[in-house]
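Results of the structural survey
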Amino acid sequence: MATVALLGTLDTKGEECRWLRDRLAQYGVETLTIDVGSFSTSELADISSDDVIRAAGADPAAVRERHDRGEVMGIMGSGAAQLVKQLAAEQKIHGFLSFGGSGGSSVAAPVMQALPVGFPKLLISTMASGNVKPYVGEVDTTLMYSVVDVAGINSISSKVFGNAAAGIAGMARAYEARLAAPEAEEHKPNVAITMFGLTTPAADEARQVLEGLGYEVLVFHATGTGGQAMEKLVHDGLLAGVCDLTTTELCDDLAGGILSAGPDRLEEAGRVGLPQVVSLGALDMVNFGPREEVPTKYDGRNFLVHNPTITLMRTTPDEMAELGRRIARKLAAATGPTELFIPLRGVSGIDIVDGPFWDPEANARLIHELKVGLEGSAVVVHDVDQHINDAGFGRAMAEALHRQITDSATNN
């Protein structure tokens, strides 16, 4: 029988937990209840809050003595993530369900983000109708807005909770069935490509070549969460290689744009030794929201209104130089096969001769710092006398990645 891990702050949400447990039983699903309540224990719990605190490496008595709710929430999230991840790896649970307001949701978030893509995970939350990035992260979390506060069971919450229970029950049963009878067909190896609208021709060409070579190609939109999601799959061991054609998220991290993937972007494949080919797609731009929301410190810069919700800002020569230094450091530290493809005639669809972001000086600074930083490293650098979107550029990257993957498989 499928089992769902049911996580809640049972010192305040015991009634809701009991209701969900009983409803899941009606759907033929067992539950393993995890208590992440701050300052009390519950007889409903299969795994107590003390167990969760210990899983985080802390002492329950000492933690509770300090009466710091914020500290407890952080410890609960860390400990629950460790426990639930292990239970999922051991196939003792087949789905994850949690519920709560801002506190309960903040505890559930690291748990869901620790679970692999494909493992069913659902959160009923009062916070699901606003900025949900802190809860979703880069995984396939299902969020359900609670409509009313999570404070007892009533005519509204019973409908919402009932749908959530039915949803996770169905997902858990399907997941258990997949584990019990894995598909007999041989899966193609997965490779990733990063893409932006302004690097689409190159990404499409690379995708078509890789598909022709027998790969399943996963394309990630380089919107911050896209890069994070791709690197999450690298971390989880689900990719055979990466064609990181569009590294524009690094610009937003540098200049405070809205599509940053964080300071660790472009490091995970190198850290785990995964084959990777990298280029400089859309490093000519930083992404902001509507034009009126661009920080005033950038007044006077070269802007292009891409659409009503996105404004692009051209990176300066100094910014491009810094990007070159950062990329060189990241690639030089890679432990696996790494190749860099430098398009000498432009890095995006608007970085072309007479185009709005054409700036040969800025591009030259980027390339110079890249070469200085990579000198003496194991990274293979290709100077390609083409624009990134010219026919043949994406193909060259795809074929190089295929060679890396093939060679790695032979050597192993």
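The notes below deal with the structure included here.

Some remarks on the overall build of the chain
Of regular secondary structure, the chain possesses 14 helices and 14 strands. Compactness check: the chain gives a C-alpha radius of gyration of 24 Å against a globular reference of 22 Å for 412 residues, within 12% of the reference. The dimensions of the chain, computed from C-alpha atoms along their principal axes, are 70 × 55 × 40 Å. Residue burial in the chain is summarised as follows: out of 412 residues, 52% are buried. Within the chain, residue pairs in contact and separated by at least 24 positions form 74% of the contacts whose partners lie at least 6 positions apart. A total accessible area of about 17,400 Å² is found for the chain, and carbon and sulfur atoms account for 51% of it. In the chain, which carries 33 positive and 54 negative side-chain charges, the distance between the mean positions of the two groups comes to 2 Å.

Considerations on the nonpolar core
In this structure, Leu 7, Ile 34, Val 36 and Phe 96 are the most contacted members of the largest nonpolar core, which totals 31 residues. Of all the secondary-structure elements, those providing two or more residues to this core are strand 1 (3-8), strand 2 (30-35), helix 2 (49-55), helix 4 (69-89) and helix 5 (102-114). When residues in this core are grouped by element, the largest group, 9 residues, is from helix 4. Residues in contact with Leu 7, not counting those within four places in the same chain, are Ile 34, Val 36, Ala 80, Phe 96, Leu 97, Ser 98, Phe 99, Val 107, Ala 108 and Val 111. Judged by nonpolar contacts, the second largest core, of 27 residues, contains Val 294, Phe 303, Met 313 and Ala 328.

Some thoughts on helix 14 (residues 393-411)
The first and last C-alpha atoms of helix 14 sit 27 Å apart over 19 residues, in line with the 27 Å expected at 1.5 Å per residue. Restricting attention to buried positions, one finds in helix 14 the residues Phe 393, Gly 394, Met 397, Ala 398, Ala 400, Leu 401, Gln 404 and Ile 405. Buried residues of helix 14, viewed axially, fall in a sector of 165°; they line one side. Buried residues along helix 14 sit in contact with strand 6 (190-195), helix 8 (200-212), strand 8 (241-244), strand 9 (276-278), strand 13 (338-343) and strand 14 (380-384).

Let's talk about the sheet that holds strand 1
Adjacent strands of a sheet form backbone hydrogen bonds with each other and so pair up, either parallel or antiparallel. Here we have 5 strands laid out as an open sheet, ordered 2-1-3-4-5, and parallel in their pairing. Each edge of the sheet is formed by a strand with only one pairing partner; in this case those strands are strand 2 and strand 5 (142-145). Neighbour-to-neighbour, the strand axes of the sheet open up by a mean angle of 20°, direction not taken into account. Sheet analysis places strand 1 next to strand 2, joined by 6 bridges and oriented parallel. Paired with Val 4 across the strands is Thr 31, a residue of strand 2. Packed on one face of the sheet, helix 1 (residues 14-26) meets strand 1, strand 2 and strand 3 (95-100) and runs near 150° to strand 3.

Some details on the state of the cysteines
Considering all chains together, one arrives at 0 disulfides under this definition. Here Cys 243 stays free of any disulfide, with the sulfur of Cys 251 as its closest cysteine sulfur at 18 Å.

Focus: the sheet that holds strand 10 (residues 285-288)
One open sheet holds the 3 strands; their spatial order is 10-12-11, and the pairing between them is antiparallel. Since the sheet does not close on itself, it has two edges, and those belong to strand 10 and strand 11 (303-307), each with one partner. Recorded for the sheet is a direction-independent mean angle of 30° between the axes of neighbouring strands. Of the strand pairs in this sheet, strand 10 and strand 12 (residues 310-314) are connected by 4 bridges, and their pairing is antiparallel. Considered in strand 12, the bridge of Met 285 is made with Arg 314.

Describing the packing of helix 1 against helix 7 (residues 157-180)
At a minimum axis distance of 9 Å, the contact between helix 1 and helix 7 shows a crossing angle of 45°. With respect to helix 7, the element helix 1 is oriented oblique. Considering the relative orientation of helix 1 and helix 7, their crossing is right-handed. Across from Glu 16, Trp 19, Leu 20, Arg 23 and Leu 24 in helix 1, the residues of helix 7 making contact are Ser 158, Phe 161, Gly 162, Ala 165, Ile 168 and Ala 169. In terms of residue class, the contact of helix 1 with helix 7 is built from 7 nonpolar, 2 polar and 2 charged.

Regarding the side chain of Thr 194
You can see Thr 194 is positioned in strand 6. At 3.1 Å, the side chain of Thr 194 and the backbone nitrogen of Leu 245 are in polar contact. Within the local environment of Thr 194, its side chain forms a polar contact with the backbone nitrogen of Thr 246, the two atoms lying 2.9 Å apart. Once residues lying within four places of it in the same chain are set aside, the contact partners of Thr 194 are Phe 220, Met 230, Cys 243, Asp 244, Leu 245, Thr 246 and Arg 265.

Quick word on a nonpolar patch on the surface
Nonpolar side chains collect at one region of the surface, where Tyr 145, Val 147 and Ile 156 lie side by side and expose about 260 Å² of accessible area between them. Taking the relative accessible area as the measure of exposure, Tyr 145 reaches 38% and is therefore partly exposed.

A few points about the pattern of salt bridges
Side-chain pairs of opposite charge can arise where the charged atoms are in close proximity. In this structure the tally under the stated criterion is 26 salt bridges. Notably, a salt bridge pairs Arg 325 with Glu 369, separated by 3.5 Å at the nearest N-O pair. Of the two residues, Arg 325 is situated in helix 12 (residues 317-332) and Glu 369 in helix 13 (residues 360-374); the sequence distance between them amounts to 44 residues. Beyond isolated ion pairs, a larger network of salt bridges with shared partners links Asp 253, Glu 322, Arg 325, Arg 326, Arg 329 and Glu 369.

Conventions we followed
- Per chain, residue numbering runs from 1 following the sequence as it is written.
- In keeping with the predicted nature of the model, local features appear solely for residues at pLDDT of at least 70, side-chain atom pairs appear and are counted solely at 80 or more, and the whole-chain, interface and lining totals rest on all residues.
- The side-chain values count all of the structure's non-hydrogen atoms but skip hydrogen atoms and water molecules.
- What counts as a helix is a DSSP run of H or I of at least four residues, what counts as a strand is a run of E of at least two, and both are numbered from the N terminus.
- Each radius of gyration is computed over the set of C-alpha atoms, and the globule rule expresses the reference value as 2.2 Å times the number of residues to the power 0.38.
- Under the scheme applied here, a residue whose accessible area is under 20% of the maximum for its type counts as buried, over 50% as exposed, and between as partly exposed, the area being computed with a 1.4 Å probe on protein chains only.
- Two residues form a contact once any of their heavy atoms are found within 4.5 Å.
- The Shrake-Rupley method, run with a 1.4 Å probe sphere, supplies the accessible areas, and residue values consider only the shown protein chains as cover.
- None of His or the chain ends enter the tally, which takes Lys and Arg as positive and Asp and Glu as negative.
- Where a charge lies is defined by one atom per residue type: Lys uses NZ, Arg uses CZ, Asp uses CG and Glu uses CD.
- Definition of nonpolar core: a set of buried residues of the types Ala, Val, Leu, Ile, Met, Phe, Trp, Tyr and Cys, connected through side-chain atoms within 4.5 Å.
- Here a helix's expected span is defined as the number of its residues, less one, multiplied by 1.5 Å.
- What the arc measures is the spread of directions leading from the helix axis to the C-beta atoms.
- Any two strands with at least two DSSP bridges between them are considered paired.
- Under this scheme, a helix contributes an axis fitted over its contacting stretch, all axes are lines through C-alpha atoms, and angles between N-to-C directions fall in the 0 to 180 degree range.
- Cysteine sulfur atoms are paired as a disulfide whenever they fall within 2.5 Å.
- For classification purposes, an angle smaller than 35 degrees is called roughly parallel, one larger than 145 roughly antiparallel, one from 65 to 115 roughly perpendicular, and anything else oblique.
- Two helices that cross are described as forming a left-handed crossing if the nearer one is turned anticlockwise from the farther one by less than a right angle, and a right-handed crossing if clockwise.
- Throughout, the ten residues Ala, Val, Leu, Ile, Met, Phe, Trp, Tyr, Cys and Pro are labelled nonpolar, Asp, Glu, Lys and Arg are labelled charged, and all others, Gly among them, are labelled polar.
- Two N or O atoms count as a polar contact when they lie within 3.5 Å, although within protein this holds only if one can serve as hydrogen donor and the other as acceptor, and sequence-adjacent residues are included solely when both atoms are side-chain atoms.
- The residues that make up patches have over 30% relative accessible area and no salt bridge, and they are joined within 9 Å when like-charged or within 5 Å when they are Val, Leu, Ile, Met, Phe, Trp or Tyr.
- Take a side-chain nitrogen of Lys or Arg and a carboxyl oxygen of Asp or Glu: if they are within 4 Å of each other, that pair is a salt bridge.

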